[in-house]
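So the chains spell out like this:
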Amino acid sequence: QVPLVESGGGLVQAGDSLRLSCTANGFTFSSRAMAWFRQGPGKGREFVAGINWSGARTYYADSVKGRFTISRDNAKNIEYLQMTSLKPEDTAVYYCAAVKPGQTVVAVTTSYDYWGRGTQVTVSS
């Protein structure tokens, strides 16, 4: 059973919006901080946004602040990433990830133990 499954990616035009979802299975989602990362063509995996276990605290990369919103529904075991005003440079494979127990949201991939397989987001100009 794959612990995290992303959905909602697709091909959109610059300025459009898209909402990604990440469904969790097989671990206590409600007790874990979560995050979204992305990896563009020829680039390393970069932190996009994070959220603490309750949803009270959120964190964003400067490149998406004001355009993206991370949220979660602990009753449904789902994490979301609402993306607005999309730009061609947002083109990437987007991954959701679970923070290791006892740790907080950080931009370092080694702090995460569960990863999804990713969903492609392509923004045309």
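In what follows, the structure referred to is the one given above.
Read on for an overview of the structure. (Residues numbered from 1 in each chain as written. Predicted model: local features only at pLDDT ≥ 70, side-chain atom pairs only at ≥ 80, totals over all residues. Heavy atoms only, no water.)

What follows is about unusual backbone geometry. With phi around 60°, Asn77 is a residue other than glycine that occupies positive phi space. Topologically, Asn77 is positioned in the loop between strand S7 (68–73) and strand S8 (78–83). With a phi angle near 45°, Ser85 is a residue other than glycine that sits in the positive phi range. Within the secondary structure, Ser85 sits in the loop between S8 and strand S9 (92–99). (Helix = DSSP H or I, 4+ residues; strand = E, 2+ residues; numbered from the N terminus.)

Moving on, we get to the environment of Gly118. Position of Gly118 among the secondary structure elements: in the loop between strand S10 (112–115) and strand S11 (119–124). In this structure Gly118 comes out as partly exposed when scored by relative accessible area, which is 25%. Considered as a pair, Gly118 and Leu86 are 32 residues apart in the sequence and their alpha carbons are 18 Å apart. When sequence neighbours within four positions are dropped, the list of residues in contact with Gly118 reads Glu6, Val93, Tyr94 and Tyr95. (Buried < 20%, exposed > 50% of the residue type's maximum accessible area, 1.4 Å probe, protein only. Contact = heavy atoms within 4.5 Å.)

Inspection of the secondary structure puts Ser21 in strand S3 (residues 18–24). If we ignore the near neighbours within four places in the chain, the residues touching Ser21 are Val5, Glu6, Ser7, Trp36, Ile78, Glu79 and Tyr80.

For S9, the tally of buried residues reaches seven of eight residues, placing the bulk of the element in the interior. As paired strands, strand S4 (residues 34–39) and S9 are joined by six bridges and run antiparallel to one another. Residue pairing for S9: Ala35 is matched across the bridge by Ala97. Two strands pair when backbone bridges link them, and S9 and S11 are joined in this way by three bridges, in the antiparallel orientation. Residue pairing for S11: Tyr94 is matched across the bridge by Thr119. Summarising the sheet, S9 and S10 pair through three bridges and their orientation is antiparallel. Bridge assignment links Val99 to a residue of S10, and that residue is Tyr112. (Pairing = 2+ DSSP bridges.)

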